[in-house]
Amino acid sequence: MADAPLNKAKLAVFISGTGTNMAALLFASRLKDAAFEIVLVASNVEDADGLNLAAIEGVPTFAHSHKGHSREDQDAAMEQAVLDAGADYIVLAGYMRILSQGFVERWEARMLNIHPSLLPKYKGLDTFARAIDAGDSHAGSSVHLVTHELDAGEVLAQVRVAIASDDTPATLAQRVKIAEHQLYPRAVADYVSRGNDPEFLFSKLRELALALPETHERSSHGSPGFRVGTEKSGKFFAHFSQQHYGSQHIAVLVKTSGMDELLNLVETQPEVYYKPDYYGASGWVGLILNRPNVDWDHIADWLGRSWRSSAPARLTKLLDAADIF
Ligand code: GRF
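The rules behind the values
- Residues numbered from 1 in each chain as written.
- Predicted model: local features only at pLDDT ≥ 70, side-chain atom pairs only at ≥ 80, totals over all residues.
- Heavy atoms only, no water.
- Buried < 20%, exposed > 50% of the residue type's maximum accessible area, 1.4 Å probe, protein only.
- Helix = DSSP H or I, 4+ residues; strand = E, 2+ residues; numbered from the N terminus.
- Domains from an automatic or database assignment.
- Salt bridge = Lys/Arg side-chain N within 4 Å of Asp/Glu carboxyl O.
- Pairing = 2+ DSSP bridges.
- Contact = heavy atoms within 4.5 Å.
- Axes fitted to C-alpha atoms, helices over the stretch in contact; angles between N-to-C directions.
- Phe/Tyr/Trp six-rings, centres within 6.5 Å; stacked < 30°, edge-to-face > 60°.
- Lys NZ or Arg CZ within 6 Å of the ring centre and 35° of its normal.
- Core = buried A, V, L, I, M, F, W, Y, C linked by side-chain atoms within 4.5 Å.

**Section: helix α1 (residues 20-29)**
Burial within α1 is extensive, with eight of its ten residues counted as buried. Residues N21, M22, A23, A24, L25, L26, A28 and S29 constitute the buried set of α1.

**A few points about unusual backbone geometry**
The omega torsion of the bond from L119 to P120 falls at 10°, within 30 degrees of zero and hence cis. In this fold, P120 is placed in the loop between β5 (111-115) and α5 (127-133). Unusually for a residue other than glycine, Y122 sits at a positive phi of about 55°. Looking at where Y122 falls in the secondary structure, it is placed in the loop between β5 and α5. Unlike most non-glycine residues, D151 shows phi in positive territory, near 55°. Tracing the sequence through the fold places D151 in the loop between β6 (138-145) and β7 (155-162).

**Remarks on the domain arrangement of the protein chain**
Quoted interface sizes are often the accessible area lost when the parts come together. If you check the domain split of the protein chain, you get domain 1 (9-196) and domain 2 (198-324). Here the C-alpha centre of domain 2 lies 38 Å away from the C-alpha centre of domain 1.

**Looking at the pattern of salt bridges**
All chains considered together, the criterion is met by ten salt bridges. Where E57 meets R30, a salt bridge forms, and the shortest distance between an N and an O atom there is 2.8 Å. Here E57, found in the loop between α2 (49-56) and β3 (61-63), pairs with R30, found in the loop between α1 and β2 (36-43); they are 27 residues apart in sequence, far enough to count as distant.

**Topic: the pairing of strand β4 (residues 89-92)**
Looking along a regular strand, one sees side chains alternate from face to face of the sheet. A two-sided burial pattern is seen for β4, the buried positions comprising Y89 and V91 on one face and I90 and L92 on the other. Examined bridge by bridge, strand β1 (residues 9-15) and β4 share four bridges and lie parallel to one another. Looking at β4, one finds that A12 is bridged to I90. Relative to β5, β4 runs parallel, the two sharing three bridges. What sits directly across from I90, in β5, is M111.

**Some words on the side chain of H144**
As for its position among the elements, H144 is in strand β6. With residues near it in sequence (within four places) discarded, H144 still touches M111, L112, N113, H115, L119, D151, A152, G153, E154, V155 and L156.

**Some remarks on the sheet that holds strand β8 (residues 215-220)**
The strands making up a sheet associate through hydrogen bonds between their backbones, and the pairing can be parallel or antiparallel. One open sheet holds the six strands; their spatial order is β8-β9-β10-β11-β13-β12, and the pairing between them is antiparallel. The open sheet has two edge strands, β8 and β12 (273-274), and neither has a second partner. Lying over the sheet, helix α9 (residues 296-310) contacts β8, β9 (223-228), β10 (235-242), β11 (250-255), β12 and β13 (284-288), oriented at roughly 40° with respect to β11.

**A few points about the packing of aromatic side chains**
Here the structure, examined in full by the defined rule, presents eight aromatic pairs. Ring geometry for F14 versus Y95: centroids 5.1 Å apart, planes at 65°, classification edge-to-face. Remark: Y95 occurs in the loop between β4 and α4 (101-106) and F14 occurs in strand β1; sequence separation between them is 81 residues. The class of F14 is buried, set by a relative accessible area of 0%. Given a relative accessible area of 7%, Y95 falls into the buried group. Between the aromatic rings of Y278 and Y279, the centroid separation amounts to 5.2 Å while the plane-to-plane angle is 80°, which identifies the pairing as edge-to-face. Judged by its relative accessible area of 10%, Y279 is buried. The residue whose ring lies beneath R110 is W107, and the NZ or CZ to ring-centre distance is 4.2 Å.

**What about the sheet that holds β5?**
Sheet architecture is open: seven strands sit in the order β3-β2-β1-β4-β5-β6-β7, paired in mixed fashion. Each edge of the open sheet carries a strand with a single partner, namely β3 and β7. The average angle at which neighbouring strand axes cross in this sheet is 20°, direction not considered. Seen against the sheet, α2 touches β1, β2 and β3 and runs at an angle of roughly 155° to β3.

**Side note on the nonpolar core**
Of all hydrophobic cores here, the largest spans 29 residues; its most connected members are Y184 and V188. For this core, the elements supplying multiple residues, two or more each, are β1, α1, β2, α2, β4, β5, β6 and α6 (169-193). The greatest single-element share of this core, amounting to seven residues, is contributed by α6. Core analysis: the next-biggest nonpolar cluster, separate from the first, contains 28 residues, A209, I250, V285 and V294 among them.

Have a look at this one:
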């Protein structure tokens, strides 16, 4: 087996039953260049089949029966095991407990689930019978982020499975399972890798930049950027830089107050800032986007500041006036 890249995402997988989706994730994690590794398989059912499979494969397991415990206590025990294992993400794979609100909030955007329907159709139970009864041509499965509302978080990926005229819920469930085993490892890998995906990073950046008043997108020297003001006389306040001029970074360039501030930022926080070639000379600093745990509020603050220093007075005056109140 190849050496694991240092930056593999660490997953804790929660199961209650057979754990075949967990097994699909586990074996996918053993393939060359896998984006994730499984550091824990945890269950609320002490004799869940999947725990045995994980143990055979040398993956740490944890079991804590929910019986006789409040929802909060059960979640606290599971969460402690996740923290002890050093997991970055929780992946639910047939975990049949509803989670407490605090737990869900603490793991917001870091907890995924797989649900056997083409969401938003058929949240909850009996999804196959409901799809057959409705006369649907296809059933399927969805991977989604977990939010406090059941099966309602952002859908990350789906797979469709044709329904045959003689399908029963049981026969359909079998084929959907096979499809899920393809879907889940891919969806998880894509999700945990998106912090290195220029397309994803750019779309987040664009959303923030274009939310500022009177802005538009424009390319400059082959890279996309954002300007404030009219199409005719606007000024750039942000440039997107994707491994430009030999740099390894995917970054947004924003305006500092000048060279002193720029050099100070780069010296004190080299994991966040760098001095870009060419643009650096005129006070643009690179804010690195392809790094773990990017704080998008921080990026938004910088965009706002850069916007303010480039915007025409008629726009900033309005904002200054608004600040007084
Ligand atoms: C899967 O069908 C999944 O969609 C649902 O629970 C089932 C778990 O199956 N949430 P398994 O334990 O992975 O075999």
